[in-house]
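# Topology and contacts: notes
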Amino acid sequence: FDTKTPKSVTSDPLSFASESVRKRWPVILTGTVDDIYKSIAQTEDAEKQAEGKKIVEQLGALKYEVEHNKPLTPIVDDGFTDEVAEYNKEVAALGNPPTWHDVPWLFSECYMYRRISTFFSTTKHWKEYDLFYRQKMDTFRTSRNAVLELAARYKDFVTELQKDKDATHNPDVEKALFTEMFEVCLWGNATDLSLLTNMTYEDIQKMQGSAARKAAEKNIIANDLPQVYDSLRQARADGKAERRVDFVLDNAGFELWVDLVLGGFLLASGLATQIVLRPKSIPWFVSDVLPADFSGLLNAIQDPRAFFETPSDDDKLQGKTPTPLSDKEVADLEFVFQHWTGAHAEGQLVMRPDRYWTAGGSFWRLPHQRPDLLEDLKQAELVIFKGDLNYRKLTGDAWWDPTTPYTEALGPMGPASGANIMSLRTVKADVVVGLPAGKDEELKATPNGGGDTGARKWGWHGKWAVVSFSKGH
Ligand code: F6P
Ligand code: MG
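What counts and how
Residues numbered from 1 in each chain as written. Chains lettered and ligands numbered in written order. Predicted model: local features only at pLDDT ≥ 70, side-chain atom pairs only at ≥ 80, totals over all residues. Heavy atoms only, no water. Helix = DSSP H or I, 4+ residues; strand = E, 2+ residues; numbered from the N terminus. Rg over C-alpha atoms; globule rule 2.2 N^0.38 Å. Buried < 20%, exposed > 50% of the residue type's maximum accessible area, 1.4 Å probe, protein only. Contact = heavy atoms within 4.5 Å. Areas by Shrake-Rupley, 256 points an atom, 1.4 Å probe, with all protein chains shown as cover. Lys, Arg positive; Asp, Glu negative; His and termini not counted. Charge placed at Lys NZ, Arg CZ, Asp CG, Glu CD. Expected span 1.5 Å × (residues − 1). Polar contact = N/O pair within 3.5 Å; in protein donor to acceptor, adjacent residues only side chain to side chain. Phe/Tyr/Trp six-rings, centres within 6.5 Å; stacked < 30°, edge-to-face > 60°. Donors = N, O, S within 2.8 Å, 3.2 Å for Na, K, Ca; no water. Pairing = 2+ DSSP bridges. pLDDT = per-residue confidence, 0-100. Axes fitted to C-alpha atoms, helices over the stretch in contact; angles between N-to-C directions. Salt bridge = Lys/Arg side-chain N within 4 Å of Asp/Glu carboxyl O.

So, on to the overall build of the protein chain. A count of helices and strands for the protein chain gives 20 helices and 7 strands. Against the compact-globule benchmark of 23 Å for 473 residues, the protein chain has a radius of gyration of 22 Å, which places it among compact chains. Every one of the 473 residues in the protein chain was classed for burial, and the buried ones make up 57%. Pairs at least 24 residues apart make up 82% of the contacts formed inside the protein chain by residues separated by at least 6 positions. Total accessible area on the protein chain stands at roughly 19100 Å², and carbon and sulfur atoms take up 53% of it. The average position of the 56 basic charges and that of the 70 acidic charges among the side chains of the protein chain differ by 1 Å.

To continue, consider helix H2 (residues 46-67). Residues three or four positions apart in an α-helix share a direction because the helix packs 3.6 residues into each turn. Its 22 residues give H2 an end-to-end C-alpha distance of 32 Å, which sits within 8% of 32 Å, the value for a rise of 1.5 Å per residue. Restricting attention to buried positions, one finds in H2 the residues Glu51, Gly52, Ile55, Val56, Leu59, Leu62, Glu65 and Val66. Regarding H2, its N-cap is Asp45, as a side-chain oxygen of that residue lies 2.9 Å from the backbone nitrogen of Glu47 further along. Residue Asn69 follows H2 closely and has a positive phi angle near 55°.

This part takes up the packing of aromatic side chains. Scanning the entire structure with this criterion turns up 29 aromatic pairs. On the basis of an interplanar angle of 80° and a centroid distance of 5.9 Å, the ring pair of Phe157 and Phe265 is categorised as edge-to-face. With a gap of 108 residues between them, Phe157 in helix H6 (residues 144-163) and Phe265 in helix H11 (residues 254-268) connect regions that are remote in the sequence. Residue Phe157 is classed as buried on the basis of its relative accessible area of 4%. A centroid spacing of 6.3 Å and a plane angle of 75° characterise the contact between Trp357 and Phe385, whose relative ring orientation is edge-to-face.

Turning to the coordination of the magnesium ion (ligand 2), a few remarks are in order. Taken together, Asp250 (OD), Asn251 (OD1) and Asp288 (OD) make up the full set of protein donors to the magnesium ion (ligand 2), lying 2.1 to 2.2 Å away. Between consecutive donor residues of the magnesium ion (ligand 2), the sequence gaps follow D-N-x36-D. According to the relative accessible area criterion, Asp250 is buried, its value standing at 5%. Residue Asn251 is classed as buried on the basis of its relative accessible area of 2%.

A word on H6. Compared with the 28 Å implied by 1.5 Å per residue over 20 residues, the 29 Å span of H6 between its first and last C-alpha is a close match. Restricting attention to buried positions, one finds in H6 the residues Arg144, Ala146, Val147, Leu148, Leu150, Ala151, Ala152, Tyr154, Phe157, Val158 and Leu161. In this fold, the buried residues of H6 make contact with helix H5 (133-142), helix H7 (171-188), H11, helix H13 (304-308) and helix H15 (327-345).

Attention now moves to the environment of Gly459. Take Gly459: it is sitting in the loop between helix H20 (439-444) and strand S7 (465-470). Looking at Gly459, the relative accessible area reads 0%, which means it is buried. Residues Gly459 and Arg22, spaced 437 residues apart in sequence, show a C-alpha to C-alpha distance of 18 Å. Residues in contact with Gly459, not counting those within four places in the same chain, are Val427, Lys428 and Ala429.

The subject of this paragraph is the pairing of strand S5 (residues 382-386). Most of S5 sits inside the fold, with 5 of its 5 residues counted as buried. Two strands pair when backbone bridges link them, and S5 and strand S6 (residues 421-426) are joined in this way by 4 bridges, in the parallel orientation. Pairing of Ile384 across the sheet is with Met422, part of S6.

A separate point is the environment of Lys70. You can see Lys70 is positioned in the loop between H2 and helix H3 (81-93). Put simply, Lys70 and His101 are 31 residues apart on the chain and 8.3 Å apart in space, counted from C-alpha to C-alpha.

So, on to the confidence of the model for the protein chain. Low pLDDT marks regions whose predicted coordinates should not be analysed in detail. For the protein chain, mean pLDDT is 93; residues scoring 70 or higher make up 95% of the total. Model confidence for the complex: the whole-complex pTM is 0.95, and ipTM, which rates the interface, is 0.95.

To continue, consider the sheet that holds S6. The strands making up a sheet associate through backbone hydrogen bonding, with each pair oriented either parallel or antiparallel. Strands sit in the order S1-S7-S6-S5-S2-S3-S4 across an open sheet of 7 strands; the sheet is mixed. Each edge of the sheet is formed by a strand with only one pairing partner; in this case those strands are strand S1 (220-223) and strand S4 (349-351). The mean inter-strand angle of the sheet, taken between neighbouring strand axes irrespective of direction, is 15°. Note: S6 against S7, 6 bridges, orientation antiparallel. Paired with Ser423 across the strands is Ser468, a residue of S7. Each of S1, strand S2 (244-248), S5, S6 and S7 is contacted by helix H10 (residues 225-237), which is oriented at about 40° to S7, the strand it contacts most.

Within the structure shown, the criterion is met by 39 salt bridges. In this structure, the salt-bridge partner of Asp35 is Arg134, at a minimum N-O distance of 2.7 Å. Remark: Arg134 occurs in helix H5 and Asp35 occurs in helix H1 (residues 16-41); sequence separation between them is 99 residues. On the basis of relative accessible area, Arg134 is assigned to the partly exposed category, the value being 23%. Close ionic contact of Asp440 with Lys444 constitutes a salt bridge, the shortest N to O distance being 3.4 Å. With Asp440 and Lys444 both in helix H20 and 4 residues apart, this pair spans about one turn of that helix. The exposure class of Asp440 is buried, given its relative accessible area of 6%. Bridged by salt links that share partners, the residues Arg244, Asp246, Arg278, Arg352 and Asp376 form one connected network.

This is the structure:
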């Protein structure tokens, strides 16, 4: 069921796959060891400490294997027998044995996170432990300025929209707001933590404000947003009673915050009647959303003073103390909190986890492997796939000609699937489709675009973005 177009592999020296396995993953794995040490230091329980040390050893061994091009070994059965068997079947099919520096990028990266999760799931005291939680909450704390700016904006427009109960909104104003909210949500994806290995907190903050967003509009190199607006507006005009928008989520922290801002806008404007959030079920690609991240975020804004006035790790290093929040800032956040928890209580904002999102294959397999899940996605007016990894999974992480239509690169998840699929993705990998002829060459010729080397380096750091849509019903 996979595409015949060649997949991105870690053995290709010109790919970001190669750079990832050799440079980025060892850094990520070192970070996880630091996190476990911190948690070991915080417990008195000797049994928990001993288990923690074993986890550290396993993480260290995995790092060694990745760095030294050792084989990918079978994943141990941690209770999700079929899921593990599926991973191991694929490992076995890749070579005998496949080694880290010569495997398909997409599968091997998923395998790495799936394997890490067994280090925890097979313990007594660390089963539910999220080794990336600390890092995710810390970045949310450092996103404070952009969070406050958006909370103020949110309160203003939701209050306006709520006054206009019959949804007779001024179409120009609504469309402008729609575009703004989608762009906010799009650029929120530039801040994922797996790229933090080559980005500072300061770089991230610079990307989050409204001025940065305006300036970045020209960096959206494929943009189907107008078609998405028409599609949702049409569904509302047709008087459909249920108009669901699903988010196949990507990252926690600031990105989840902007997802909820967009979701709240869609509800308040009547462009959607329900929002379904689809998180991961195990710690994934460092910063991806788990159900607990949703509660973590709500708790943070429920008591914003306690949260934002606590110094982050970064603040501590620099000896900084956060300035107190103003009463207005606290009130804005309270408004947002009330709006979201109200929607949640009404069933308009729900979480629907599914372990399929942490399987190792591309979504080309989804209709065949999970017809029930596809059926569910088809019920939505729109399914928004957030971020880079979801885009890689949708397109099979393959070396498509960049002018290939998005609808074609989705294969069985394209129009024939019957689902309305959208990608909101800042480009952080080699795969990209739906570009006008000549765009790839033009970007390769920019400074650090990779032109001289032949690599598509312009696509590696989230500076450019694609907003693509495939209409299935
Ligand atoms: O391509 C770089 C990378 O960090 C990959 O590890 C992964 O595909 C992706 O970016 C994570 O980004 P996102 O959180 O947007 O899916
Ligand atoms: Mg992610």
